[in-house]
Amino acid sequence: MAEVETKQEIKGATEPETKVATELETKADSMVGEIWIDVDIKASAEKFHHMFAKRPHHVSNATPRHIGGVELHEGEWDKVGSIVLWNYIHEGKPKVAKDRIEAVDPEKNLIKFRVLEGDVLKEYKTFLITLQVTPKQGGSGSVARWHLEYERIDEKVAHPETLIPFLESMSKEIDEHLLSTE
């Protein structure tokens, strides 16, 4: 069962096998927030992480309805400081993001991107995306945690909850692709 949580302890349910949580600052500067989703996958943590760290240019093959293409703009795949250009489809519209790899930790199956340019920065001053994949305790498969940290440009901009179903669906499609290539 999926859960949605905020600092105010609001709870609700969405689809099974997915956990969603949001943490929205409740101070006067409520422009800063975090949101994350845990997606249960069948692929190994290493294999799923490898797709984003070393082979993101193959992500569009696994999930073409979400990712139109990925290009290395500067540096090397899986190296901190490298620049990656993402063409993606969100809410039926083509979008672009130019990201810098901020962190890579193969032992923790973690990669972190900072959005430098693109559509998301029309509404957010800063936007960080962290993917960490961990093996499931006592069973097969893994959990892909997508963690988004952001600062909205003003109070009229919504928190990025619409990215949650996007990340969940994309993760499930990549998982299916990885399993079909074993």
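Bear in mind the structure is a predicted one, so any value in this text is a computation, not a measurement.

**Focus on the overall build of the protein chain**
Secondary structure summary: the protein chain contains three helices and eight strands in total. Counting from the amino terminus, helix and strand elements in the protein chain follow one another as β-β-α-α-β-β-β-β-β-β-α. A burial count over the protein chain gives 45% of its 182 residues as buried. The contacts of the protein chain with a sequence gap of at least 6 include a subset with a gap of at least 24, amounting to 44%. Here the protein chain has roughly 9700 Å² of accessible surface; of this, 50% comes from carbon and sulfur atoms.

**Describing the nonpolar core**
Counting 41 residues, the largest nonpolar core has Phe-48, Phe-52, Trp-86, Phe-127, Trp-146 and Ile-174 as the members making the most contacts within it. The residues touching Phe-48, leaving out its near neighbours within four places in the chain, are Ile-41, Leu-131, Val-133, Ala-144, Ser-171, Ile-174, Asp-175 and Leu-178.

**Quick look at the pattern of salt bridges**
In this structure the tally under the stated criterion is nine salt bridges. We note a salt bridge from Asp-119 to Lys-122, for which the minimum N-O separation is 3.1 Å. Through salt bridges that share partners, Arg-100, Glu-102 and Arg-114 make up one connected network.

**Some thoughts on the confidence of the model for the protein chain**
When pLDDT is averaged along the protein chain, the result is 86, and 84% of the positions lie at 70 or above. Of the regions scoring below 50 in pLDDT, residues 1-16 engages in 33 contacts with residues more than four places distant in sequence or in other chains. Across residues 22-29 the pLDDT falls below 50, and counting only partners more than four positions away or on other chains, this stretch makes 20 contacts in the model.

**A word on unusual backbone geometry**
A positive phi is found at Asp-78, a non-glycine position, where the angle reads about 60°. In this structure, Asn-109 takes a positive phi of about 50° despite not being glycine. Residue Asn-109 is classed as buried on the basis of its relative accessible area of 5%.

**Observations regarding the side chain of Asp-175**
Within the fold, Asp-175 resides in helix α3 (residues 163-180). No salt bridge forms around the buried Asp-175; measuring N to O, its nearest opposite-charge neighbour Lys-42 is 6.0 Å away. If we skip the residues at most four places from it in the chain, Asp-175 touches Ile-41, Lys-42, Ala-43 and Phe-48.

**Details of the environment of Lys-122**
If you trace the backbone, Lys-122 turns up in the loop between β6 (110-118) and β7 (124-135). Using a relative accessible area of 60% as the deciding quantity, one classes Lys-122 as exposed. C-alpha separation for the pair Lys-122 and Val-157, spaced 35 residues apart in sequence, amounts to 9.7 Å.

**Section: the side chain of Ser-60**
Here Ser-60 shows up in helix α2 (residues 59-62). Each residue touching Ser-60, except ones within four places of it in the same chain, is listed here: Ile-67, Gly-68 and Gly-69.

**Things to note about α3**
In an α-helix, one turn spans 3.6 residues; hence positions three or four apart end up facing the same way. The first and last C-alpha atoms of α3 sit 26 Å apart over 18 residues, in line with the 26 Å expected at 1.5 Å per residue. Residues Leu-163, Ile-164, Phe-166, Leu-167, Glu-168, Ser-169, Met-170, Ser-171, Glu-173, Ile-174, Asp-175 and Leu-178 constitute the buried set of α3.

**A word on the environment of Glu-34**
Mapped onto the fold, Glu-34 is located in strand β2 (residues 32-41). Residues Glu-34 and His-147 lie 113 residues apart in sequence; the distance between their C-alpha atoms is 7.2 Å. Reaching out from Glu-34, the side chain makes a polar contact with the side chain of His-147 at a distance of 2.7 Å.

**Describing the pairing of strand β5 (residues 93-105)**
Pairing of strand β4 (residues 83-90) with β5 involves eight bridges; the strand directions are antiparallel. Note that in β5 the partner of Trp-86 across the bridge is Ala-97. Taking the residues that link successive antiparallel strands as the turn, the β4-β5 hairpin has two residues, and the phi of Glu-91 there is positive, at about 55°. Where β5 lies against β6, eight bridges are found, and the strand directions are antiparallel. What sits directly across from Arg-100, in β6, is Arg-114. Hairpin remark: β5 followed by β6, antiparallel, with four residues in the connecting loop; positive phi at Asn-109, about 50°.

Here is what the cut-offs are and how they apply
Residues numbered from 1 in each chain as written. Predicted model: local features only at pLDDT ≥ 70, side-chain atom pairs only at ≥ 80, totals over all residues. Heavy atoms only, no water. Helix = DSSP H or I, 4+ residues; strand = E, 2+ residues; numbered from the N terminus. Buried < 20%, exposed > 50% of the residue type's maximum accessible area, 1.4 Å probe, protein only. Contact = heavy atoms within 4.5 Å. Areas by Shrake-Rupley, 256 points an atom, 1.4 Å probe, with all protein chains shown as cover. Core = buried A, V, L, I, M, F, W, Y, C linked by side-chain atoms within 4.5 Å. Salt bridge = Lys/Arg side-chain N within 4 Å of Asp/Glu carboxyl O. pLDDT = per-residue confidence, 0-100. Lys, Arg positive; Asp, Glu negative; His and termini not counted. Expected span 1.5 Å × (residues − 1). Polar contact = N/O pair within 3.5 Å; in protein donor to acceptor, adjacent residues only side chain to side chain. Pairing = 2+ DSSP bridges.

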